[in-house]
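Coordinates in review
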Amino acid sequence: MNFTPLSRFIDRITSWRIPWAEVLVMHRNEIVFRYRAGFVDLEAKTPIDEDRIIYLYSLTKILTCTAALQLVEKGAILLGDPISAYLPEFTEVVVGKKQMEDGVTTKLSERPITVRDLFTMTAGFSYDLTSPSIREAVERTNGRVPTREFARALAKEPLLFEPGTRWNYSLCHDVLAALVEEVGGRRFSTYVREEITGPLGMLDTGFHLSEAQLSRLAPQYEFNDALGKAVRMDGNWYRIGMEFDSGGAGLLSTVSDYSLFLNTLTNRGTSPDGVRILSPASVDLMRTDHLTEHTRSDYNWEHHAGYGYGLGVRTHISKAGSGSISPLGEFGWSGAAGSFAIIDPESQLTVMYAQHLVNNQEPYVHPRLKNIVYSCLS
């Protein structure tokens, strides 16, 4: 294995507009390459170091879906169950029909939202965290917005479409976290710590940082084209409340920590140390393409061409469509600041890539990074 092309790529993008980047490559449970370049703090010219904590944003979604799949394995929920069986606020939901001068006309939904809809982004939600019901919940709870309160607020908002009929990237996994909280019998952050991150030894992964961890939080940036440079943009704008454990975008972690979780999925649910968080059958269900003839056209992100959508993850289904040299069945997801996961049981390959730039250049960086990694393996 020769990873020189990968280090050159990291050097190239960090000399371009990305302040820093790091990549960790595991093959057959061994770290075969790790490289970082750039400055974690541009103003102070501080080089990026190994222990920096970052916002994972939507990389959180893979872990949230793992938590929910654990409940499927235990027989506590089924994918076909209506979520109203567990979250009664969704017993009667309305679908917005048409924009009128005095607002949106609505009708009662003909279909229930199912657990599967939450996993597969087909519930009909938007990604609007400023909707009236959510703003009211922020005010009513004095800025706390516990995860269950968030779900109750979202249930008051009209759906964009009948559940199951379309695909739309949305707040589905935040509601899935509320479902795990309700069925799992404890706060979502506690469930995650007790059932996933704790057993795997992920001490720097969670929804809330200690004072010591906060000192290691990497500054976040946005590239300003007018100024021709990256400028500070700290904070997680998806965290709308102090007690909101966002299953869609709330986790913080390090490259070292989150790679432990990703590699456990590469091993089809069991860590190299023998800690089992999912069965191989559940991992295979997660990376099965769950798009249908009704939803496939909605999943049309250009850099995900050749990929289907599983239970919270992209999954490679067509090399001709993707132009990627990764094998079919490779899966993963990414985050708003540019972090990126490759999980590949067949190749026994795990890749954790990290950066902290919110206008992240994902369509450029991620497909190239993936091809370079696979070319270096041979």
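Criteria and cut-off values
- Residues numbered from 1 in each chain as written.
- Predicted model: local features only at pLDDT ≥ 70, side-chain atom pairs only at ≥ 80, totals over all residues.
- Heavy atoms only, no water.
- Phe/Tyr/Trp six-rings, centres within 6.5 Å; stacked < 30°, edge-to-face > 60°.
- Helix = DSSP H or I, 4+ residues; strand = E, 2+ residues; numbered from the N terminus.
- Expected span 1.5 Å × (residues − 1).
- Buried < 20%, exposed > 50% of the residue type's maximum accessible area, 1.4 Å probe, protein only.
- Contact = heavy atoms within 4.5 Å.
- Axes fitted to C-alpha atoms, helices over the stretch in contact; angles between N-to-C directions.
- Left-handed = near helix turned anticlockwise from the far one by under 90°.
- Nonpolar A, V, L, I, M, F, W, Y, C, P; charged D, E, K, R; others polar.
- Pairing = 2+ DSSP bridges.
- Arc of directions from axis to C-beta.
- Salt bridge = Lys/Arg side-chain N within 4 Å of Asp/Glu carboxyl O.
- Core = buried A, V, L, I, M, F, W, Y, C linked by side-chain atoms within 4.5 Å.
- Polar contact = N/O pair within 3.5 Å; in protein donor to acceptor, adjacent residues only side chain to side chain.

All right, on to the packing of aromatic side chains then. Two aromatic rings are characterised by how far apart their centres lie and by the angle between their planes. Tallying each qualifying case throughout the model produces 23 aromatic pairs. Taken together, the ring pairs connect Tyr 55, Tyr 57, Tyr 127, Trp 167, Tyr 169, Trp 237, Tyr 238, Tyr 299, Trp 301, Tyr 309 and Trp 333 into an aromatic cluster.

Looking now at helix 12 (residues 362-377). Compared with the 22 Å implied by 1.5 Å per residue over 16 residues, the 22 Å span of helix 12 between its first and last C-alpha is a close match. When we look at burial in helix 12, the residues that qualify are Glu 362, Val 365, His 366, Leu 369, Lys 370, Ile 372, Val 373, Tyr 374, Cys 376 and Leu 377. Looking at the packing, one finds that the buried side of helix 12 touches helix 1 (4-14), strand 1 (20-27), strand 10 (307-309), strand 11 (314-316), strand 13 (340-344) and strand 14 (349-354).

Running from N to C, helix 2 (residues 60-73) and helix 6 (residues 172-184) point in directions that differ by 35 degrees, and their axes come no closer than 10 Å. For the element pair helix 2 and helix 6, the recorded crossing hand is left-handed. Mapping the contact onto sequence places Lys 61, Thr 64, Cys 65, Ala 67, Ala 68 and Leu 71 in helix 2 and His 173, Leu 176, Ala 177, Val 180, Val 183 and Gly 184 in helix 6. The class makeup of the residues in the contact of helix 2 with helix 6 is 8 nonpolar, 3 polar and 1 charged.

Turning our eyes to something else, we now look at unusual backbone geometry. One non-glycine residue, Met 121, adopts positive backbone phi at about 60 degrees. The topology assignment puts Met 121 in the loop between helix 3 (115-120) and helix 4 (132-140). Positive phi, close to 55 degrees, is recorded for Gln 348, a residue that is not glycine. Inspection of the secondary structure puts Gln 348 in the loop between strand 13 and strand 14. The partly exposed category is assigned to Gln 348, whose relative accessible area is 36%.

As paired strands, strand 1 and strand 2 (residues 30-41) are joined by 8 bridges and run antiparallel to one another. Bridge pairing in strand 2 links Glu 22 to Arg 36. If you look at the hairpin formed by strand 1 and strand 2, you'll find 2 residues sitting between the two strands, and Arg 28 has a positive phi there, around 55 degrees. Summarising the sheet, strand 2 and strand 3 (residues 46-47) pair through 2 bridges and their orientation is antiparallel. Counterpart to Asp 41 in the pairing with strand 3 is Thr 46. Linking strand 2 to strand 3, which pair antiparallel, is a turn of 4 residues; within it Lys 45 sits at a positive phi near 55 degrees.

Our next topic: the pairing of strand 1. With 8 of 8 residues buried, strand 1 lies mostly within the body of the structure. Alternating residues of strand 1 divide into Trp 20, Glu 22, Leu 24 and Met 26 and Ala 21, Val 23, Val 25 and His 27, and every residue in both groups is buried. Alignment of strand 1 against strand 14, held across 6 bridges, turns out to be antiparallel. Looking across to strand 14, one finds that Leu 24 is bridged to Met 352.

What follows is about helix 4. Three or more residues of helix 4 are buried, namely Ser 133, Ile 134 and Ala 137. Angular distribution of buried residues about the axis of helix 4 spans 100 degrees; they occupy a single face of the element. Every exposed residue of helix 4 that faces more than 90 degrees away from the buried side is listed here: Pro 132 and Glu 139. Looking at the packing, one finds that the buried side of helix 4 touches helix 5 (147-154). Immediately downstream of helix 4, the backbone of Asn 142 shows phi near 55 degrees, a positive value.

What follows covers the pattern of salt bridges. Applying the stated criterion across every chain yields a total of 27 salt bridges. Arg 186 serves as the salt-bridge partner of Glu 194, at 2.7 Å between the closest nitrogen and oxygen. Judged by relative accessible area, Arg 186 falls into the partly exposed class, the value being 23%. Through salt bridges with shared partners, a single network forms among Glu 22, Arg 34, Arg 36 and Glu 50.

What follows covers the nonpolar core. Within the largest apolar cluster, 91 residues are counted, with the highest numbers of intra-cluster contacts made by Ile 62, Phe 90, Phe 125, Tyr 258 and Phe 261. With residues near it in sequence (within four places) discarded, Tyr 258 still touches Leu 56, Leu 59, Thr 60, Leu 63, Met 202, Thr 205, Leu 251, Ser 253 and Met 352. Judged by nonpolar contacts, the second largest core, of 27 residues, contains Ile 10, Phe 223, Val 365 and Tyr 374.

The next subject is the side chain of Gln 220. As for its position among the elements, Gln 220 is in the loop between helix 8 (211-214) and strand 7 (221-224). For Gln 220, a relative accessible area of 0% translates into the label buried. Only 2.7 Å separates the side chain of Gln 220 from the side chain of Tyr 57, close enough to count as a polar contact. Sequence-distant contacts of Gln 220, defined by excluding residues within four places in its chain, comprise Tyr 55, Tyr 57, Val 231, Arg 232, Met 233, Asp 234, Gly 235, Trp 237, Ala 337, His 356 and Val 358.

By themselves, these are just geometric observations and shouldn't be taken as functional.
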